[in-house]
Amino acid sequence: MSNSISRSNAYSLIDEQISREIIQGAISQSAVLAQGKKLPNMTSDKTSMPVLDMLPLAYFVNGDTGKKGISKMAWDKKVIHAEEIAVIIPIPEAVIDDASYDIWTEIKPRIEEAFGSVIDGAILLGVNKPATWRADLVSSIRNAGKGVTPTNDLYIDIFGDNGVMSKVETAGFSPNGVVSGVELKAKLRGLRDDNKQPIFKASIQDSTRYALDGHPNYFVENGVWDNTKCQMIMGDFNQLVYAVRQDITYKVLTEAIIQDPATGDILFNLAQQDMVALRVVMRLGWEIPNPINALGGETRFPFAMLEPSSLPTQYSVTFTVTDTSSSAVAGASVTYGGQTIKTNASGVAVFKSNNGTFAYTVKKSGSSTKNGSVTVSSSAVNVAVTNF
């Protein structure tokens, strides 16, 4: 008769300290969260952040009797939605029975790596992104027009006028970190000055410092980076915030069938194969506040990127907002693909978009909020928001 591991056995194995270690390990394994800003843990499945949406204006007073101008500031709300991330680790019972084998030392890094890979894939590239999460970082950067087309001069592409760093700075943000694939290492090592001397290497005996303008470069080594979509991302990672909804929870499965989520094929039959499986769950959400500032304007965004050699085609998504009498609504805030643009006098806001399905929100003070989604499939899309 096959042995099994009980829930009480699992909880004695996985104590509170180890739970905290896994959360920290998952964050360190994620290139994005390792540089992002952690907010206090969430107490519900969503939490709101006030974000500055309108700057105050100052006026000169005309003489002693001049009237002082009236100004105002306005705040918008960004909402972080916590979504569940789960990992299932099958374990042969024979391994558990071997008292001399430190099973947790083997399992814990695998859990951390799995969490970090899923988080990076969703946040960076939108891979299996939950519907409630904002647009992924690469799509948001491209939709904001903050992508730099590569040339034969990588140094200028990154540091030059209208380069990656410049696009962050002129948006009113200070870059403090870089994320890229490991392919960028060789390109940086190959950079030479006018005297053909390496820029990033003092000698071939010393290790290479890959910091860009003093900002750390985090190379994504968990397998999710796609160099055909982006070569590198630079930005103000204080503007990428995340929060954990709950600490990690565990459940031991003893008689389950584990399927491949992509194909539905049966991978493990736990009872038949004398195995147990440890299911580990955490819930997490993220956002980019992107507050208004004096430099960036409507197209501001705290991140920019070096595009791939072959650029994907983008298409126009045009929103037309009208009220109950079919009159144009000016000044409505339309959020789409990670960007927010206010409608013009004709009630129109135009975005550039990749192919895919993206959520949108239309709102204006004193009016109701409307939500929906748009699917772009290799052609321009017109979206009519009526009765607003």
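Up top is the structure.
As the structure is a prediction and not an experimental result, all values here were calculated from the model.

Student: Would you explain the layout of surface pockets in this entry?
Tutor: Where empty space is left becomes clear once a probe the size of a water molecule has been rolled over the atoms. Put simply, the largest pocket is a space of about 950 Å³. Contributions of two or more residues to the lining of the largest pocket are made by β2 (46-54), β3 (74-81), β12 (275-287), β15 (333-336), β16 (339-342), β18 (356-363) and β19 (370-376). Classifying every residue of the lining of the largest pocket gives 16 nonpolar, 16 polar and 11 charged.

Student: Teacher, can you tell me more about the packing of aromatic side chains here?
Tutor: Any two aromatic rings considered together are summarised by their centre-to-centre distance and by the angle between their planes. A complete count under the given rule lists nine aromatic pairs for this structure. Directly above the aromatic system of Phe219 lies the positively charged group of Lys185, at a separation of 5.0 Å from the ring centroid.

Student: Is there a simple way to think about unusual backbone geometry in this case?
Tutor: Leave glycine aside and you will find that most residues have negative phi; peptide bonds, for their part, are mostly trans. In this structure, Asn290 takes a positive phi of about 50° despite not being glycine. As for its position among the elements, Asn290 is in the loop between β12 and β13 (303-306). The residue Ser326 is not glycine, and still its phi comes out positive at about 65°. Relative to the helices and strands, Ser326 resides in the loop between β14 (315-321) and β15. Ser326 gets classed as exposed once you look at its relative accessible area, which sits at 60%.

So, how was this worked out
- Residues numbered from 1 in each chain as written.
- Predicted model: local features only at pLDDT ≥ 70, side-chain atom pairs only at ≥ 80, totals over all residues.
- Heavy atoms only, no water.
- 1 Å grid on protein atoms, 1.4 Å probe; cavity = no way out; pocket = protein on both sides within 12 Å on 5 of 7 lines; lining within 4 Å.
- Points joined across faces, edges and corners; volume = space filled by probe spheres on them.
- Helix = DSSP H or I, 4+ residues; strand = E, 2+ residues; numbered from the N terminus.
- Nonpolar A, V, L, I, M, F, W, Y, C, P; charged D, E, K, R; others polar.
- Phe/Tyr/Trp six-rings, centres within 6.5 Å; stacked < 30°, edge-to-face > 60°.
- Lys NZ or Arg CZ within 6 Å of the ring centre and 35° of its normal.
- Buried < 20%, exposed > 50% of the residue type's maximum accessible area, 1.4 Å probe, protein only.

The quantities given are spatial measurements derived from coordinates; they are silent on function.
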